[in-house]
Structures are given as structure tokens and as C-alpha cells.
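One-letter residues, chain by chain:
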Amino acid sequence: MTRNNLTAAEDRVCELENAFASLFPGTDLDTVLSSSRSGNLVNPARNTATLSAKKPPTEELKEQENRDASPALESLPREADGFDWAENAVRLSELSDGMAALSINPEGAGYLGGCYKVSWSTKSR
Amino acid sequence: MPLVVPENTFVNAYFTYYHSTYPFLYEPLFRSQFEGKSPRPEGSWPLLFNVVLALGAWCMGEDESAMDDYFDERVARLSEQRSIFESGNLTLVQALLLLSNYTQKRNRPNTGWNYLGLAVRMALSLGLHKEFPNWEISLLQREMRRRVWWGLFIFDSGASITFGRPVLLPQHGIMDASQVLNIEEEVSRPGLTW
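Residues numbered from 1 in each chain as written. Chains lettered and ligands numbered in written order. Predicted model: local features only at pLDDT ≥ 70, side-chain atom pairs only at ≥ 80, totals over all residues. Heavy atoms only, no water.

We now examine the environment of A:Pro77. Among the structural elements, A:Pro77 can be located in the loop between helix H3 (57-69) and strand E1 (85-86). A residue is classified by how much of its surface remains accessible, and A:Pro77, at 3% relative accessible area, is buried. (Helix = DSSP H or I, 4+ residues; strand = E, 2+ residues; numbered from the N terminus. Buried < 20%, exposed > 50% of the residue type's maximum accessible area, 1.4 Å probe, protein only.)

This is how it looks when you write it as C-alpha cells:
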């Protein structure tokens, strides 16, 4: 019985946290809660000073896309076939963790665009 | 089985009947490579060459013609090698694109669908969906990348629509490759390279 109650309570907390994050993206829940405990509840919709300095995820993604649209000149290969890649030759490499092919050298590693940052506004579980 | 028709006949048929609608290759370069005047792309040439022959034979053939089956058989043996999955270059994308179209014409639409999938993945790994305005490559090289990308885009989105399947292509804002230019192809010249 107690175990079921605990699980139900945990599920509800999770649901509430997710709803909060959807309604107030970029807001730190802990900050809001501690403001509530001190009797000075801050409304995240109104008071921007308590919001963590994060833009909404979609806006940040668009900005990253714009940055990605024109990579720095030095990261382009010399030749037109510079993005060509071949991983079927047996190669001995110092790095054996499987990430050796993702080198930052633009020759022979395929096209690698900028990394998209994903802003998670809920805490990871 | 000895060939009684020279390969050149099928190459000509390809460029006469197929290429004018689907200009995914650069004819002067392909012919120069075929004639041994320009270096052939290592590894990917046999596949491209046999697909071109298969399509040329198919364009020429009447219903009973089995000539393209011969080249299709050669293609099948080549694509059994893992290299089409384990390497990426423009020639391979062209070959896969043509192979996809050929298999669909030969009533193997799902095979064609799979080849398209691989072609799109390979194209993305080569950045064909991007323009790279600062990249110092020739206009011809740039234009060929665009031709292959947009041809691939049209074929893959077309296949998705035809089969009622999701379109798995980049969103509009992600691709910035320019449209293809509406220009005449240059005449053949010897010693042609990229």
C-alpha cells in the first residue's frame, strides 16, 4: 500500500514538473520553490529577474541553424571531393573507441555541421 | 555471354533518352572516363557504369529485351560488396540514384526505395544539401553537387508521395543548396577532369 502511494506521488510530481516546464520554459523550479518557502513567491511569468538566462528552445535552435548555415572558411575541404569518406579499409588507429572517424579534420571524414544544442528545461532523471 | 552490341551503343542511348530528362551526370566527363581519357573514380566507377548501361539498354529495349538484365546482374554482384555502405562520394550517390530509378522501372519499387534511402544518407554525409558559398571549388563542381542533390530530393519526395510514406528529407531551413542553373552543357573535350 505504502509503495503504491509513493509511486503515485512520484508520478504526480513528475507530471507537475513537466507541466511547469512547458508553461514556464527556462524557469528554474527550485528557485521558484525556495521563493515560495520564504513567503515571497515569484511569478515566473512576470518577474524576469528570477528566470534563468535562457532563450526559448525554438529560438535558440533557429539561431544555431543560422550559425550553422555558413561554417568558418577554414573548416571547408580544399577539394570538391574533400567530404568523400571511406571506412572500409582496415586502419590501425590510436583511438579505438569508435569515435576516431569523427575527426575535426575536414578531409575524408564526411560533412559535419555544427552541433545543435538542445535545451532541456526539466531536470534529467 | 559475349556482348554483340558495343557498350558505346548503350551509353549513347542513355544520354539520348534518359539523361536529357534526368541530368545527374556530367556527360563530357562521363564519356571521357568511359573512353579512358580521364581517370575513373576508384571503387565507384563499375557500379555507375553498369547502371548507365542498364538504363541505356532499357531505354532501347522492346518488351522482350533482356539486355538490361545482363547489366542489372553485374550491378547486383557489385552492390553485394559492402563498399556502398561503407564509403561516400558523389559518384556513388549518382549511381544509387540511377539504380533506384532503374529498379523502380523494373517493377522493384521497394528496392528502389531502399537505394534512395542510402543515397540520401550518403548525400547528407557529403553536405550536398548545403551551398557553402565560401568554398573555393569550380562552378561545374558546384553545379554537379546541386544537380545530384535536387534530383535526389525530387526522386525521394516523389517516391514518398507515390507510396504514401513519410518524407524523410531535411526541413526547408536546413537545406540551403542553390537551385540548378538553366544552362547548356559544354561540349566534350579530351583530358577532362573535375
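Here the narrative resumes, following the displayed structure.
To continue, consider the packing of helix H1 (residues 7-18) of chain B against helix H3 (residues 45-60) of chain B. All names here are of chain B. Here H1 crosses H3 at 75 degrees, and the two axes come no closer than 7 Å. Here H1 is positioned roughly perpendicular relative to H3, judged by the angle of their axes. Contact residues: H1 offers Glu7, Thr9, Phe10, Val11, Ala13, Tyr14, Tyr17 and Tyr18, while H3 offers Phe49, Val52, Leu53, Leu55, Gly56, Ala57, Cys59 and Met60. When the residues that make up the contact of H1 with H3 are grouped by side-chain class, the tally is 13 nonpolar, two polar and one charged. (Axes fitted to C-alpha atoms, helices over the stretch in contact; angles between N-to-C directions. Parallel < 35°, antiparallel > 145°, perpendicular 65-115°, else oblique. Contact = heavy atoms within 4.5 Å. Nonpolar A, V, L, I, M, F, W, Y, C, P; charged D, E, K, R; others polar.)

Before going further, it helps to examine helix H2 (residues 27-34) of chain B. All names here are of chain B. Of all eight residues that make up H2, seven are buried, and the element is covered over most of its length. Of the residues making up H2, those classed as buried are Pro28, Leu29, Phe30, Arg31, Ser32, Gln33 and Phe34. In the core, the buried residues of H2 are packed alongside H1 and H3. Just downstream of H2, Gly36 is the residue with a positive phi angle, here 80 degrees.

Right, let's talk about the packing of aromatic side chains for a bit. Residue and element names in this part refer to chain B. Tallying each qualifying case throughout the model produces 22 aromatic pairs over all chains. Ring geometry for Trp45 against Phe49: centres 5.4 Å apart, planes inclined by 15 degrees, an arrangement best described as stacked. Taken together, the positions of Trp45 and Phe49, both in helix H3 and four residues apart, correspond to about one turn of that helix. Phe49 shares its class with Trp45; the two are buried. Taken together through their ring pairs, the aromatic side chains of Tyr14, Phe15, Tyr18, Tyr22, Phe24, Phe30, Phe34, Trp45, Phe49 and Phe155 make up a single cluster. (Phe/Tyr/Trp six-rings, centres within 6.5 Å; stacked < 30°, edge-to-face > 60°.)

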